[in-house]
Amino acid sequence: MLGCVRIATVRQMAQVITQEESDGRSYVRRAMVELESLGLAETNGKDGKHKIWNLTPAGQKALADGNELPPRPKAGTGAKAVRAGFGPHGLAVTDTILAYTDTVLASREYLTDWQVEVNHAIKETGLSFNADAVLAVPTKTSEVRLFELDNGTMSQARLANEVWDYERYAGHRVWEGARGTIGGTYPFWQRHRYTRSTTFPRLHVVLAGKAEHLLDNRLQALTDAVQGITIAVWANTLPSLQRGEPWYEIGVDDPHERRSRYPEPAGR
């Protein structure tokens, strides 16, 4: 689990590895102490009274060597983020993943993998942003779900701009064809990122870190700010998601309108 989410508390890890209605925190706590003694895990901060755990570089290497996870050489351990004060955000991302898998994927679809802080970049335009989490949930039309979490630290304008970044990413097209031929254009994401998807993956925006009535206000403000966006966007608050309440659809996938908004690349 730490190899995927990078940081977590004992409570979060116990929620994953123990049976429903069971409390495995004592077991997990002993296991983490043992991993710490072996130099495979460490703690660099706390969330209230609870230690925040992460793998060490040796722990990540052990996972890769044991074929437990595919090697991710550029992935950080999470230690720097915790020491820099971003622990609460990372833990909220972990809570979001756990709540989504418990309430949404419980019986209908299956999670096969997840990653956090996944970079999406287009060198030609200079666009670059990190999705807080990407969950592999294969369906007939899309292979992943994208997640963006605001822990109450961003301005409403900045949050809306980050959501629009996903549309800018989805709208970029590239020209493809041999020199001297007519060729054609294709969505950048479909050739270079999500090659097994026929529609751009749905973006899930989760709001956390504030009182529920304030989160509801931010949700309404975000809905207004992204009106007319041409990718599928669902939004929710973390408390509502944890209770299994429905998502709000605030954006609809419209590849035809999206194509009209972004210039076609010139052929060679």
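Everything below is about the structure printed above this text.
Residues numbered from 1 in each chain as written. Predicted model: local features only at pLDDT ≥ 70, side-chain atom pairs only at ≥ 80, totals over all residues. Heavy atoms only, no water.

Visitor: Can you tell me about the overall build of the protein chain, naming the residues and giving the values?
Guide: Looking only at helices and strands, the protein chain features 11 helices and 10 strands. Looking at the protein chain as a whole, 44% of its 268 residues are labelled buried. Pairs at least 24 apart in sequence give 59% of the contacts found in the protein chain among residues at least 6 apart. Only carbon and sulfur atoms are counted for the fraction: they give 51% of the accessible area of the protein chain, which is about 14500 Å². (Helix = DSSP H or I, 4+ residues; strand = E, 2+ residues; numbered from the N terminus. Buried < 20%, exposed > 50% of the residue type's maximum accessible area, 1.4 Å probe, protein only. Contact = heavy atoms within 4.5 Å. Areas by Shrake-Rupley, 256 points an atom, 1.4 Å probe, with all protein chains shown as cover.)

Visitor: Explain the packing of aromatic side chains to me, using residue names and the numbers behind them.
Guide: Across all of its chains, the model carries 7 aromatic pairs by this definition. Here the aromatic rings of Tyr100 and Trp247 are separated by 6.1 Å at their centres, their planes lie at 80°, and the arrangement is edge-to-face. One end of the pair, Tyr100, is in helix 6 (residues 87-103); the other, Trp247, is in the loop between helix 10 (238-242) and strand 10 (248-251), and 147 residues separate them in sequence. Note on accessibility: Tyr100 and Trp247 belong to one class, buried. Clustering of aromatic rings is evident, with ring pairs tying together Phe129, Tyr166, Tyr169, Phe188, Trp189 and Phe200. The ring of Tyr186 carries the charged tip of Arg191 above its face, separated from the ring centre by 4.1 Å. Above the face of the Trp234 ring, Arg202 is positioned so that its terminal group lies 3.6 Å from the ring centre. (Phe/Tyr/Trp six-rings, centres within 6.5 Å; stacked < 30°, edge-to-face > 60°. Lys NZ or Arg CZ within 6 Å of the ring centre and 35° of its normal.)

Visitor: Give me the lowdown on the packing of helix 7 (residues 156-171) against helix 9 (residues 212-225), citing residues and values where you can.
Guide: The contact between helix 7 and helix 9 brings their axes to 10 Å, and the two run at 50°. Comparing the axis directions of helix 7 and helix 9 gives the class oblique. Once helix 7 is placed against helix 9, the crossing between them reads as right-handed. Counting all contacts with helix 7, which are made through Gln156, Leu159, Ala160, Val163 and Trp164, the residues of helix 9 involved are Arg218, Ala221, Leu222 and Ala225. Counted by class, the contact of helix 7 with helix 9 contains 7 nonpolar, 1 polar and 1 charged residues. (Axes fitted to C-alpha atoms, helices over the stretch in contact; angles between N-to-C directions. Parallel < 35°, antiparallel > 145°, perpendicular 65-115°, else oblique. Left-handed = near helix turned anticlockwise from the far one by under 90°. Nonpolar A, V, L, I, M, F, W, Y, C, P; charged D, E, K, R; others polar.)

Visitor: Report on the sheet that holds strand 4 (residues 127-136), specifying residues and quantitative values.
Guide: Taking strand neighbours across the sheet as the criterion, the 6 strands line up as 3-4-5-8-9-10 in an open arrangement whose pairing is mixed. For this open sheet the edge positions go to strand 3 (113-122) and strand 10, each flanked by a neighbour on one side alone. The mean inter-strand angle of the sheet, taken between neighbouring strand axes irrespective of direction, is 35°. Across 9 bridges, the pairing between strand 3 and strand 4 is antiparallel. Counted as the bridge partner of Val116 is Ala133 from strand 4. Against the sheet, helix 6 contacts strand 3, strand 4, strand 5 (144-150) and strand 8 (203-207), and its axis sits at roughly 140° relative to strand 5. (Pairing = 2+ DSSP bridges.)

Visitor: Can you break down unusual backbone geometry residue by residue, with the values?
Guide: Generally, phi is negative for residues other than glycine and the peptide bonds are trans, each holding for most cases. Phi is positive for Arg6, close to 75°, though the residue is something other than glycine. Of note, Arg6 is situated in the loop between helix 1 (2-5) and helix 2 (10-17). A relative accessible area of 18% places Arg6 in the buried class. The residue Glu117 is not glycine, and still its phi comes out positive at about 50°.

Visitor: I'd like a rundown of the pattern of salt bridges, residues and numbers included.
Guide: According to the stated counting rule, one finds 12 salt bridges in the structure shown. One salt bridge connects Arg218 with Asp150, and the closest N-O pair in it is separated by 2.5 Å. Separated by 68 residues along the polypeptide, Arg218 in helix 9 and Asp150 in strand 5 bring together distant segments of the chain. A salt bridge links Glu257 to Arg261; the shortest N-O distance between them is 3.5 Å. You can see Glu257 and its partner Arg261 sitting in helix 11 (residues 255-261), 4 residues apart, about one turn around the helix. Judged by its relative accessible area of 34%, Glu257 falls in the partly exposed class. Among the charged side chains, a network of salt bridges with common partners joins Glu167, Glu257 and Arg261. (Salt bridge = Lys/Arg side-chain N within 4 Å of Asp/Glu carboxyl O.)

Visitor: Lay out the environment of Gly184 with the relevant residues and their values.
Guide: Structurally, Gly184 can be placed in strand 7 (residues 184-187). With a relative accessible area of 19%, Gly184 lands in the buried category. Spatially, the C-alpha atom of Gly184 lies 8.4 Å from that of Val174, the residues being 10 residues apart in sequence. Beyond its immediate stretch of four places on either side in the chain, Gly184 contacts Val174, Trp175 and Glu176.

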